[in-house]
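Notes for the structure review
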Amino acid sequence: MDKSKPHGQELKKELDILISKINALEAASTDREKKSLMGVLKVLAENQKHFVDEFEHIKKALDLMMVQIFKMDQVKK
């Protein structure tokens, strides 16, 4: 994994590919049980994608907070 590239974007791309494959398997399935299983897998993959987005937001918030802390520290000096 490249250090300069955001890991979240790469993971989201992989999850999109996985969701596409699950959709294809779900469409090709004739068995009701298999379709249900594919639906559950799709929900899990979509939730994982959502968690990646939330993690990216938390990282940005922490970065902004650290900038503010450093600014306050510089003002005190």
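Scroll up to find the structure.
The text that follows walks through the structure, step by step, so that each part is easy to find. Fair warning: this is a prediction, and the values are worked out from it, not measured in the lab.

A few words on the overall build of the protein. Helix and strand counts for the protein stand at two helices and zero strands. Here the C-alpha atoms of the protein give a radius of gyration of 20 Å, more than 25% beyond the 11 Å that 2.2 N^0.38 yields for 77 residues. When the backbone C-alpha atoms are referred to their principal axes, the protein occupies close to 70 × 25 × 10 Å. Taken across its 77 residues, the protein has 13% of its residues classed as buried. A total of about 6600 Å² of accessible surface is found on the protein, and carbon and sulfur atoms cover 62% of it.

Looking now at the packing of helix H1 (residues 7-28) against helix H2 (residues 32-76). Following both chains from N to C, one finds H1 and H2 inclined at 165°, their axes separated by 9 Å at the closest point. Comparing their axes, H2 and H1 come out roughly antiparallel. As for the relative orientation of H1 and H2, their crossing is left-handed in sense. For the pair H1 and H2, the contacting residues are Gly8, Leu11, Lys12, Leu15, Asp16, Leu18, Ile19, Ile22, Asn23, Leu25 and Glu26 in the first and Lys35, Met38, Gly39, Leu41, Lys42, Ala45, Glu46, Gln48, Lys49, Val52, Asp53 and Glu56 in the second. Tallied by class, residues from the contact of H1 with H2 come to ten nonpolar, four polar and nine charged.

Here the focus is a nonpolar patch on the surface. On the surface, Ile58, Leu62, Met65, Met66, Ile69 and Phe70 cluster together to form a nonpolar patch covering roughly 580 Å² of accessible area. Mapped onto the elements, Ile69 comes out in helix H2.

Locating Asp53 in the fold gives a position in helix H2. Along the backbone, Asp53 and Val75 are 22 residues apart, and their C-alpha atoms lie at a distance of 34 Å.

The next subject is the pattern of salt bridges. Scanning the model with the defined rule gives four salt bridges in all. The shortest N-O distance in the salt bridge between Asp16 and Lys49 comes to 2.4 Å. With Asp16 in helix H1 and Lys49 in helix H2, the pair connects residues that are 33 residues apart, well separated along the chain. For Asp16, a relative accessible area of 34% puts it in the partly exposed group. Look at Lys49 and you get partly exposed, because its relative accessible area is 24%. Between Glu56 and Lys59 there is a salt bridge, and its shortest N-O distance comes to 3.5 Å. Of this pair, Glu56 and Lys59 are both found in helix H2, three residues apart, which corresponds to roughly one turn of the helix. Using a relative accessible area of 33% as the deciding quantity, one classes Lys59 as partly exposed.

About the thresholds
Residues numbered from 1 in each chain as written. Predicted model: local features only at pLDDT ≥ 70, side-chain atom pairs only at ≥ 80, totals over all residues. Heavy atoms only, no water. Helix = DSSP H or I, 4+ residues; strand = E, 2+ residues; numbered from the N terminus. Rg over C-alpha atoms; globule rule 2.2 N^0.38 Å. Buried < 20%, exposed > 50% of the residue type's maximum accessible area, 1.4 Å probe, protein only. Areas by Shrake-Rupley, 256 points an atom, 1.4 Å probe, with all protein chains shown as cover. Axes fitted to C-alpha atoms, helices over the stretch in contact; angles between N-to-C directions. Parallel < 35°, antiparallel > 145°, perpendicular 65-115°, else oblique. Left-handed = near helix turned anticlockwise from the far one by under 90°. Contact = heavy atoms within 4.5 Å. Nonpolar A, V, L, I, M, F, W, Y, C, P; charged D, E, K, R; others polar. Patch = residues over 30% accessible without salt bridge, like charges linked within 9 Å, V, L, I, M, F, W, Y side chains within 5 Å. Salt bridge = Lys/Arg side-chain N within 4 Å of Asp/Glu carboxyl O.

Remember that the coordinates give geometry; whether it matters functionally is a separate question.
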